[in-house]
Amino acid sequence: MPAPRLRSRSLRKVFRKVSGGRVSLHYKKKKPKAARCGNCGALLKGIPRELPFRMRSMAKTKKRPERPYGGVLCSKCMRKEIINKVRQ
Ligand SMILES: [Zn+2]
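Keep in mind that this is a model prediction, so the values were computed, not measured. (Residues numbered from 1 in each chain as written. Predicted model: local features only at pLDDT ≥ 70, side-chain atom pairs only at ≥ 80, totals over all residues.)

A. Inspection of the overall build of the protein at higher detail. Scanning the protein from terminus to terminus reveals 2 helices and 2 strands. Put simply, the protein runs from its N terminus to its C terminus through helices and strands in the order β-β-α-α. Compactness check: the protein gives a C-alpha radius of gyration of 20 Å against a globular reference of 12 Å for 88 residues, more than 25% above the reference. In terms of overall dimensions, the protein has a C-alpha envelope of 65 × 25 × 20 Å along the principal axes. For the protein, the proportion of its 88 residues judged to be buried stands at 2%. Looking at the protein alone, contacts between residues at least 24 apart form 22% of all its contacts between residues at least 6 apart. (Helix = DSSP H or I, 4+ residues; strand = E, 2+ residues; numbered from the N terminus. Rg over C-alpha atoms; globule rule 2.2 N^0.38 Å. Buried ≥ 20, exposed ≤ 12 C-beta atoms within 10 Å, placed from the backbone. Contact = placed C-beta atoms within 7 Å.)

Next up, the structure:
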């Protein structure tokens, strides 16, 4: 039976092979949900699904695509948004 603090379902179980060929059960924090488009809700590509402390140590250019609305809108919605802005 794991320690009470490890019985939480908010932790995920990771089986790790340790030296000696033994398999040990480690507990890790779950990753946050993937980023979604603010307009259509599609999964955003090019955005790492990492814990905040890992995101903080990452370069800005690795965290979202470098284009207008990068990390906010998907590429399709970004194109529509730009066309709409020009037409106004
Ligand atoms: Zn979209």
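B. Representation of the domain arrangement of the protein within the structure. When the domains of the protein are assigned, the result is domain 1 (1-30) and domain 2 (32-88). One C-alpha centre belongs to domain 1, the other to domain 2; they are set 33 Å apart. (Domains from an automatic or database assignment.)

C. Spotlight on unusual backbone geometry. Its identity as a non-glycine residue notwithstanding, Y69 has a phi of 60 degrees, on the positive side. Counting through the fold element by element, Y69 comes out in the loop between α1 (52-56) and α2 (75-87). According to the C-beta neighbour criterion, Y69 is partly exposed, with 18 such atoms within 10 Å.

D. Molecular detail of the pairing of strand β1 (residues 11-17). The buried fraction of β1 amounts to 0 of the 7 residues, a small share that puts the element mostly on the outside. Pairing geometry for β1 and strand β2 (residues 23-29), over 7 bridges, is antiparallel. Opposite F15, over in β2, you have L25 as the bridge partner. (Pairing = 2+ DSSP bridges.)

E. A look at the environment of F15. By the element assignment, F15 lies in strand β1. Between the alpha carbons of F15 and H26 there is a distance of 6.1 Å; along the sequence they are 11 residues apart.

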